Amino acid sequence: MPETTTPATELASQYIAQVTGDLEANLKEQERISADIASLQERLAALQHDHGVLISMQQALGITQARAGSAVESDSATVPSPRRKKADAATGGKQKARKSATAPAKKTARKSPAKKANTAQAAELTLVELIRRHLAEQKEPRSAAEIATALGQAHPDRDISPKVVRVTLESLVAKSGAERSKQGRSVFYSAPAQSGNTAADAEAQSEPTDG
């Protein structure tokens, strides 16, 4: 019995010694970590205190965190700027090419209505010719106001005023292109007699338009 118990006792003593050593090491490690934690907590408390002081200084100086964050974002956004510039240059070149290609078409499109307008204006009759034709169609003398009203209704796109019509009628009368008659205080105009109208017609057609 004593011989068998001796190895067991030695093995037990070895386990006890090992466990005791492990416990001491564990306690020392706990103490070390606790000390580190305490030190880190002190450092954290100091940093938090400094952080509060810095925030107070920022507010006093009028600097906001949003501005600081935007500055950081702008710095990071400027990194790929060369590539963007190349892409913008390429797209800008394409847009310029498109503009240059469409520019002549726009110019011709603007010129064509102007040419049409000039042609239409050239085809329009002068106010003198309109008055002469109107008088020739009337069987009775007409006043300047009546003639202006009739011509305004027949040609609504033209600005025909009674004053301009009266001046034109007096010019026709002076050149024998029209005849004037009075009925009381009213003045009436009519087409001239057929004889001797050739010279008057030629002069009447040379009158300027009313614009």
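Residues numbered from 1 in each chain as written. Predicted model: local features only at pLDDT ≥ 70, side-chain atom pairs only at ≥ 80, totals over all residues. Heavy atoms only, no water.

Caption draft 1: Local environment of helix H6 (residues 162–174). For H6, built from 13 residues, the straight-helix expectation of 18 Å at 1.5 Å per residue is met to within 8% by its first-to-last C-alpha distance of 18 Å. Taken as a whole, H6 has its buried residues at Val165, Thr168, Leu169 and Leu172. Take H6 and look down its axis: the buried residues cluster within an arc of 105 degrees, on one side only. Projecting away from the buried face of H6 at angles above 90 degrees are the exposed residues Lys163, Val167 and Ala174. (Helix = DSSP H or I, 4+ residues; strand = E, 2+ residues; numbered from the N terminus. Expected span 1.5 Å × (residues − 1). Buried < 20%, exposed > 50% of the residue type's maximum accessible area, 1.4 Å probe, protein only. Arc of directions from axis to C-beta.)

Caption draft 2: View of the confidence of the model for the protein. Within the protein, residue pLDDT values average 75, and 60% of them lie at 70 or more. Mean pLDDT values for the elements of the protein range from 47 in helix H7 (residues 197–205) up to 92 in strand E2 (residues 186–190). Every residue in residues 195–202 scores below 50 in pLDDT, and together they form six contacts with partners more than four places removed in sequence or on other chains. (pLDDT = per-residue confidence, 0-100. Contact = heavy atoms within 4.5 Å.)

Caption draft 3: Region of interest: the pairing of E2. By the bridge criterion, five bridges tie strand E1 (residues 179–183) to E2 in an arrangement that is antiparallel. Bridging from a neighbouring strand, Arg180 pairs with Tyr189 of E2. (Pairing = 2+ DSSP bridges.)

Caption draft 4: Examining the pattern of salt bridges more closely. Inspection of the entire model under this criterion finds five salt bridges. Between Arg132 and Glu129 there is a salt bridge whose closest N-O contact spans 3.0 Å. Of the two residues, Arg132 and Glu129 both sit in helix H4 (residues 127–137), three residues apart, roughly one turn of that helix. When the shortest N-O distance is used, the salt bridge between Arg180 and Glu170 registers 2.5 Å. With a gap of 10 residues between them, Arg180 in strand E1 and Glu170 in helix H6 connect regions that are remote in the sequence. If you follow the salt bridges from partner to partner, you end up with Glu29, Arg32 and Asp36 in one network. (Salt bridge = Lys/Arg side-chain N within 4 Å of Asp/Glu carboxyl O.)

Caption draft 5: Region of the structure containing the packing of helix H5 (residues 144–154) against H6. Where H5 contacts H6, the two axes come as close as 9 Å, and the packing angle between them is 115 degrees. Every pair of crossing elements has a handedness; the one defined by H5 and H6 is right-handed. Residues Ala144, Ile147 and Ala148 of H5 pack against Pro162, Val165, Arg166 and Leu169 of H6. Across the contact of H5 with H6, the residue classes break down as six nonpolar, no polar and one charged. (Axes fitted to C-alpha atoms, helices over the stretch in contact; angles between N-to-C directions. Left-handed = near helix turned anticlockwise from the far one by under 90°. Nonpolar A, V, L, I, M, F, W, Y, C, P; charged D, E, K, R; others polar.)

Caption draft 6: Inspection of the side chain of Ser190 at higher detail. Among the structural elements, Ser190 can be located in strand E2. Setting aside residues no more than four positions away along its own chain, Ser190 makes contact with Leu135, Pro141, Ala178 and Glu179.

Caption draft 7: A look at unusual backbone geometry. Phi is positive for Ser176, which is not a glycine, with a value near 65 degrees. By the element assignment, Ser176 lies in the loop between H6 and E1.

Caption draft 8: Here's a closer look at the nonpolar core. Of all hydrophobic cores here, the largest spans 15 residues; its most connected members are Ile131, Leu135, Ile147, Leu151, Val165, Leu169 and Tyr189. Sort the elements by how many residues they give to this core and H4 lands first, with five residues. Excluding residues within four positions of it along the chain, Ile131 makes contact with Leu151, Val165, Thr168, Leu169 and Leu172. (Core = buried A, V, L, I, M, F, W, Y, C linked by side-chain atoms within 4.5 Å.)

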